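Single-letter residue listing:
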Amino acid sequence: MLEMTREEFEELVAEALDRIPPELTRLMDNVAVFVEDEPPADDPDLLGLYEGTPLTDRGEWYAGVLPDRITVYRGPTLRMCETREDVVAETEVTVVHEIAHHFGIDDERLHVLGYG
């Protein structure tokens, strides 16, 4: 397994977020991004997870709620990648994939777009 500290991985996630076009990040609302070492035990290969209410599903009722949560998992990413460059690329794909869920884009469409 490729070795990378939690801090190094968090930096890659931050860099991936920085590469999201500003016109999209300005539209993101009430969402927080986290890094965790491992996903839930029932899905050990999960690279990222979006939990919340997509922007497309929010209505007048949406107020005073906790932020949506995007989690990127370090362990499975490092286990599936052979090089640091692979980790950079996979982290970027995972971040884009989870942010797309925040915008209401489903897995089927993401696969078509190459972010599956």
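Now for a description of the structure that goes with this document. Since we're looking at a predicted model, the values are computed, not measured.

About the cut-offs
- Residues numbered from 1 in each chain as written.
- Predicted model: local features only at pLDDT ≥ 70, side-chain atom pairs only at ≥ 80, totals over all residues.
- Heavy atoms only, no water.
- Pairing = 2+ DSSP bridges.
- Helix = DSSP H or I, 4+ residues; strand = E, 2+ residues; numbered from the N terminus.
- Axes fitted to C-alpha atoms, helices over the stretch in contact; angles between N-to-C directions.
- Contact = heavy atoms within 4.5 Å.
- Salt bridge = Lys/Arg side-chain N within 4 Å of Asp/Glu carboxyl O.
- Core = buried A, V, L, I, M, F, W, Y, C linked by side-chain atoms within 4.5 Å.
- Buried < 20%, exposed > 50% of the residue type's maximum accessible area, 1.4 Å probe, protein only.
- 1 Å grid on protein atoms, 1.4 Å probe; cavity = no way out; pocket = protein on both sides within 12 Å on 5 of 7 lines; lining within 4 Å.
- Points joined across faces, edges and corners; volume = space filled by probe spheres on them.
- Nonpolar A, V, L, I, M, F, W, Y, C, P; charged D, E, K, R; others polar.

Let us look at the sheet that holds strand 3 (residues 68-73). Strand pairs in the sheet, formed through backbone hydrogen bonds, run parallel or antiparallel to each other. Here three strands make up an open sheet; going across it, the order is 1-3-2 and the pairing mixed. Two strands lie at the open edges of the sheet, namely strand 1 (31-36) and strand 2 (48-51), each paired on one side alone. Strand-to-strand, the axes of this sheet are offset by a mean angle of 15 degrees, without reference to chain direction. Pairing of strand 2 with strand 3, which is carried by four bridges, proceeds in the antiparallel orientation. Opposite leucine 49, over in strand 3, you have threonine 71 as the bridge partner. Running at roughly 150 degrees to strand 1, helix 1 (residues 6-18) makes contact with strand 1 and strand 3 of the sheet. Where helix 4 (residues 84-102) meets the sheet, it contacts strand 1, strand 2 and strand 3, and its direction lies at approximately 15 degrees from that of strand 2.

Let us now look at the pattern of salt bridges. Applying the stated criterion across every chain, the model contains nine salt bridges. One network of salt bridges, with partners in common, ties together Arg6, Glu10, Asp37 and Arg74.

Its place among the elements puts alanine 100 in helix 4. Not counting residues up to four positions away in its chain, the partners in contact with alanine 100 are Ile105 and Leu110.

Bringing the nonpolar core into the picture now. Core analysis: the biggest nonpolar cluster contains 17 residues, and Met4, Phe9, Val13, Val87, Val95 and Ile99 have the highest contact counts within it. For this core, the elements supplying multiple residues, two or more each, are helix 1, strand 3 and helix 4. Ranked by the residues each element gives to this core, the list is headed by helix 1, at four residues. The residues touching isoleucine 99, leaving out its near neighbours within four places in the chain, are Leu17, Ile20, Met28 and Ile70.

The calculated volume of the largest pocket comes to roughly 190 Å³. Lining the largest pocket are Ala16, Arg19, Ile20, Pro21, Leu24, Glu92, Val96, Ile99, Ala100, Phe103 and Ile105. The greatest single-element share of the lining of the largest pocket, amounting to four residues, is contributed by helix 4. Taken together, the residues of the lining of the largest pocket break down into nine nonpolar, no polar and two charged.

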